[in-house]
Amino acid sequence: MIYFDHNASAPLLPAARDAWLEAVEQYPGNPSSPHRAGARADHALEQARLSLANRLGCHADQLIWTGGATESANHVFHHFAQNAPADQPLWVSAIEHPAVLAAAERSFSGRVERVPVDARGVVDSNWIDTRLQSTRPVAVVVMAANNETGVLQPWSALRDRCRDLGVPFVCDATQWLGRLPADGLGGCDFVFGSGHKCGGPRGVGFLKAPDTGTLEPFIVGGPQEGGRRAGTENLAGILALTAALDWCAERIKSGEVKAREATRETFIQRLREAIPDLVINGGEAPRLWNTVNLSLPAPDCRPRWVVQLDKRGFAVSTGSACSSGNESPSHVLLAMGLPDERISHAIRISGGWLTSATDWTHLANALIELVKHAGAPTTP
Ligand code: PLP
């Protein structure tokens, strides 16, 4: 099986697996325990916190370990809900992951205003700027890179604009981390990510929050994480997460992103030559090198493509993993204003660092073959 669904969950990187195995053997103690085994585990935990803080550009004590991005998002909105005035709106981009949208809606029912995106899938910064002239929201929430289209969002400009006006800026960096440089993300008031999207394990993530004021705990029942998140830390998972990020950072530093972008473009070019009516959703905007969201010009809808490709040995997706199996139209493509037919024919392809150029070529060949079989126009 050639795996093209890294945005749903990336396979564990060998470096992360090694770190995990080493950690479970070396650190049997609970980081909160008073004996030496506990102290050793606590030391490893704090070293990992420091490593992530250095990567993001924030202080280690601004970071808490969580069970993943969904928990982090719930934590942020739970925190705001304890402190925000009852009538203040929360601005959340229309293309956030369902984990963010649902958590925001639960804590701010009736007060969530969705920030629109343009046809390229980029958040409308003018919408935010114009409204900021007269309104102060609880926070502005915009992800770093979209999980369905890979489209990069103007998070650093929004971070700076919000900082100037004293409006908290929240960024879901789940799909960005491990793929593009993390510099500057720590400057967002709140930023979070998840282990299993960047080659770390599932069930572990983080949340960076400002150290001014108190972060309301979302999970209570223990003093861990400075009283901000109860529960024994998943030390092996955390060490595996930071090992995965270290490994990815080496690839990014050595300039591999450019080569990966070229591989993606060759893939698209090959498809375009063979399938003239193919469209790339979000194709006009800068995107993650690993993600291609495309709509195929054939009678079949997207679940069928996914099944057909699966039978030929390729794992691709129809959108965010959480909405797969529930074939309602993608809220991301709807927010971009794409026509129904394009939305119902869209599939998401997402590779990883260990996906080779040959894997992409095989996938292109399989797609072209399928489209031919389905009777849609192709170039011989
Ligand atoms: N945010 C984004 C952008 C995602 O892609 C995902 C998972 O698909 C999540 C949040 C949720 O992450 P987790 O599985 O760690 O809860």
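Data block above holds the structure.
These numbers were taken from a predicted model, which means no experiment stands behind them. (Residues numbered from 1 in each chain as written. Predicted model: local features only at pLDDT ≥ 70, side-chain atom pairs only at ≥ 80, totals over all residues. Heavy atoms only, no water.)

Trainee: Explanation requested: the pairing of strand β12 (residues 346-350) in the structure shown.
Mentor: Look at any regular strand and the pattern is simple: side chains alternate between the two faces of the sheet. In terms of residue burial, β12 counts as a mostly covered element, since five of its five residues are buried. Residues Ala346, Arg348 and Ser350 of β12 are buried on one face, and the alternating residues Ile347 and Ile349, pointing to the opposite face, are buried as well. The pairing of strand β10 (residues 291-295) with β12 spans five bridges and is antiparallel. What sits directly across from Val292, in β12, is Ile349. (Buried < 20%, exposed > 50% of the residue type's maximum accessible area, 1.4 Å probe, protein only. Helix = DSSP H or I, 4+ residues; strand = E, 2+ residues; numbered from the N terminus. Pairing = 2+ DSSP bridges.)

Trainee: Looking at this structure, I do not really get the packing of helix α8 (residues 256-274) against helix α12 (residues 357-373). What am I missing?
Mentor: Geometry of a packed helix pair, given as the angle between the helix axes and the separation of the axes. Two elements in contact, α8 and α12, have axes separated by 10 Å at closest approach and are oriented at 20°. With respect to α12, the axis of α8 lies roughly parallel. Seen from above, α8 lies across α12 with right-handed handedness. Between α8 and α12, the residues in contact are Thr263, Phe267, Arg270, Leu271 and Ala274 and Ala357, Trp360, Thr361, Leu363, Ala364, Asn365, Leu367 and Ile368, respectively. Looking at the contact of α8 with α12, its residues break down into nine nonpolar, three polar and one charged. (Axes fitted to C-alpha atoms, helices over the stretch in contact; angles between N-to-C directions. Parallel < 35°, antiparallel > 145°, perpendicular 65-115°, else oblique. Left-handed = near helix turned anticlockwise from the far one by under 90°. Contact = heavy atoms within 4.5 Å. Nonpolar A, V, L, I, M, F, W, Y, C, P; charged D, E, K, R; others polar.)

Trainee: For this particular structure, what's the right way to read the pairing of strand β8 (residues 205-208)?
Mentor: Side chains Gly205 and Leu207 project from β8 onto one buried face, and the interleaved Phe206 and Lys208 project onto a second face that is buried too. Across four bridges, strand β2 (residues 63-66) lies against β8 in antiparallel orientation. Across the sheet, the residue bridging to Thr66 is Gly205, located in β8. Strand direction decides the pairing type here: strand β7 (residues 190-194) and β8, joined by four bridges, are antiparallel. By the bridge assignment for β8, Gly193 is matched with Phe206.

Trainee: I'm lost on the environment of Gly121 in this one. Help?
Mentor: Relative to the helices and strands, Gly121 is located in the loop between β4 (112-115) and α5 (125-132). Counting along the chain gives 163 residues from Gly121 to Glu284, while the straight-line C-alpha distance between them is 8.8 Å. In this structure, Gly121 is in contact with Ile95, Val151, Gln153 and Met336, ignoring residues within four places of it in sequence.

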